[in-house]
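Okay, here's what each chain looks like letter by letter:
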Amino acid sequence: MRASGAGRAQVVTRLTYLSEAAIPSRSSNATATVRMCGAFADAGADVTLVYPRLQQPEPEGFAGDVAAFYGIADAIERRVLHVPHAKGRSPLQRIARSRPFAAYLGGRMRGGQPSFICYTRTFQLAWLALQVRRAWGRRGACRALIMEVHGEPPKRGWSLLSSVDGVVVISEMLRQRILERLPQLEGRVWVEHSGVDLSAVHRGADRAEARARIGCADAAGPLVVYAGRVFKGKGVDVLIEAAERVSDIGARVLVVGNVYEDEYVSRAPDNVTFTGFVAPSEVPDYLAAADMMVMPTTESLHYSRYTSPLKLFEYLATGNPVVVSDLPVLREVVRDGENALLYPPRDADALAGALRRLWSDRALGVKLADQAWQDVQQYSWQRRAQRILERVDGLADAGAR
């Protein structure tokens, strides 16, 4: 239960989260969506996650339980819509995919239904929700329509942002970009970086036991871990180059995630191991086994200007020192020599130097990890959800029709 304002009776905030993500799947979109829904529920909201049933293979590690796969409490209602198998971007194909959502929203928003907040990170579904809400007008049950944005809007998306009640963005750089184009949104657009489930992080776990669980009990030197998808722009090629330069200190590099660039595997030195895809609920064991974490993202990643990577916050919560490529947007969260070590993007020698420095100066690693743990508290999914709900309640009250 949550209070909606001073002197008011406590009410439950009902929130409907619209998603086009494939759930369950390997995607970070799906992971963030499910974990945010869990966090909204933890914050006291009555959450319904609405998503399509897509025709695709189930990911490795999925045993039929969505909540267990993503490592959240099963406290959200899930509405799975049967969407026609219509790939492509033509108007007819988009309409075919949208019809089940339109039917659901038409019933959910009609007069007499319990009031709710509509939340999505998909422009197509935000547009659809806006049309349905306009059709119901003052009789409708939708208190507010909130759009979460993770990159520069598409051409037709800019006007949509002016019509929703609130815009959540994942970085200050993205907020500034939107306000450059739409200054009238000042006050309706705010930053909420990505988050982490602090309860799922194995901080303080016995490193030797964690290494035994993942099959790395024989690691003699530093175990360096990257966890995330492997494709161009992520910087794993830079990490591979750096791995060869730190082999003389016994360093072993573990790349945890699905590999989309086979050439990385073929050219990797012997001290690099690729695990392939690992279920989100199992990733904490790999992080707990590490001596240090690396996030080598490069400027060539198409969304690097505005990114707020899930793994960065997971890294900061592990209790291990973190090495991060020095991209401007990442400096919104990390500070060189305070809660992480930064190095110039694509500089394998500098990355290797940072790893050597941490291995030789354990006190520095402890200092960085301790500060990172203090800083990451504000980035938990739960605190993120609480801040969003409080902000959205204010917007809904101010714009009540």
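So, a few notes on the structure that sits alongside this text. In this text, all values refer to a predicted model and were calculated from it rather than measured experimentally.

Let's talk about the overall build of the chain
Here is step 1 of the chain: Tallying secondary structure elements over the chain gives 14 helices and 15 strands in all.
Here is step 2 of the chain: In terms of overall size, the chain behaves like a compact globule, its C-alpha atoms giving a radius of gyration of 22 Å where 401 residues would be expected to give roughly 21 Å.
Here is step 3 of the chain: Taken along its principal axes, the extent of the C-alpha atoms in the chain is 70 × 45 × 40 Å.
Here is step 4 of the chain: Across the 401 residues of the chain, 55% fall into the buried class.
Here is step 5 of the chain: A separation threshold of at least 6 residues defines the contact pool for the chain, and within that pool the share at least 24 residues apart is 71%.

Points about the packing of helix 12 (residues 348–360) against helix 13 (residues 362–376)
Here is step 1 of the chain: Remark: helix 12 packs on helix 13, axes separated minimally by 5 Å, with the N-to-C direction vectors making an angle of 100°. As judged from the angle between their axes, helix 12 and helix 13 are roughly perpendicular. On helix 13, the residues that touch Arg-357, Leu-358, Trp-359 and Ser-360 of helix 12 are Arg-362, Leu-364, Gly-365 and Leu-368.
Here is step 2 of the chain: For the contact of helix 12 with helix 13, the class distribution of residues is four nonpolar, two polar and two charged.

Considerations on the sheet that holds strand 13 (residues 292–295)
Here is step 1 of the chain: Pairing within the open sheet is parallel, and its six strands lie in the order 12-11-10-13-14-15. Sheet topology places strand 12 (272–276) and strand 15 (341–343) at the edges, where each strand pairs with a single neighbour. Recorded for the sheet is a direction-independent mean angle of 25° between the axes of neighbouring strands.
Here is step 2 of the chain: Where strand 10 (residues 223–227) meets strand 13, two bridges bridge the pair, whose relative direction is parallel. Pairing of Val-224 across the sheet is with Met-292, part of strand 13.

About the cut-offs
Starting afresh in each chain, residues are numbered from 1 along the sequence in its written order. Since the coordinates come from a predicted model, pLDDT governs what is reported: local features require at least 70, and pairs of side-chain atoms require 80 or more to be given and counted, while whole-chain, interface and lining totals use all residues. The side-chain values count all of the structure's non-hydrogen atoms but skip hydrogen atoms and water molecules. In this description a helix means any DSSP run of H or I spanning at least four residues, a strand means any run of E spanning at least two, and both kinds are numbered starting from the N terminus. Just to be clear, the radius of gyration here is over C-alpha atoms, and the globule rule we use is 2.2 Å times residues to the power 0.38. To sort residues, take the accessible area from a 1.4 Å probe on protein chains only and compare it with the maximum for the residue type: under 20% means buried, over 50% means exposed, and anything in between is partly exposed. The contact criterion used throughout is that any non-hydrogen atoms of two residues lie within 4.5 Å. To get an axis, a line is fitted to the C-alpha atoms, and for a helix only the part in contact is used. The angle between two axes follows their N-to-C directions and goes from 0 to 180 degrees. If an angle is under 35 degrees, it is roughly parallel; if it is over 145, roughly antiparallel; if it lies from 65 to 115, roughly perpendicular; otherwise it is oblique. In this count, Pro and Cys sit with the nonpolar residues alongside Ala, Val, Leu, Ile, Met, Phe, Trp and Tyr, while Asp, Glu, Lys and Arg are called charged and the others, Gly among them, polar. At least two DSSP bridges between two strands are required for those strands to pair.

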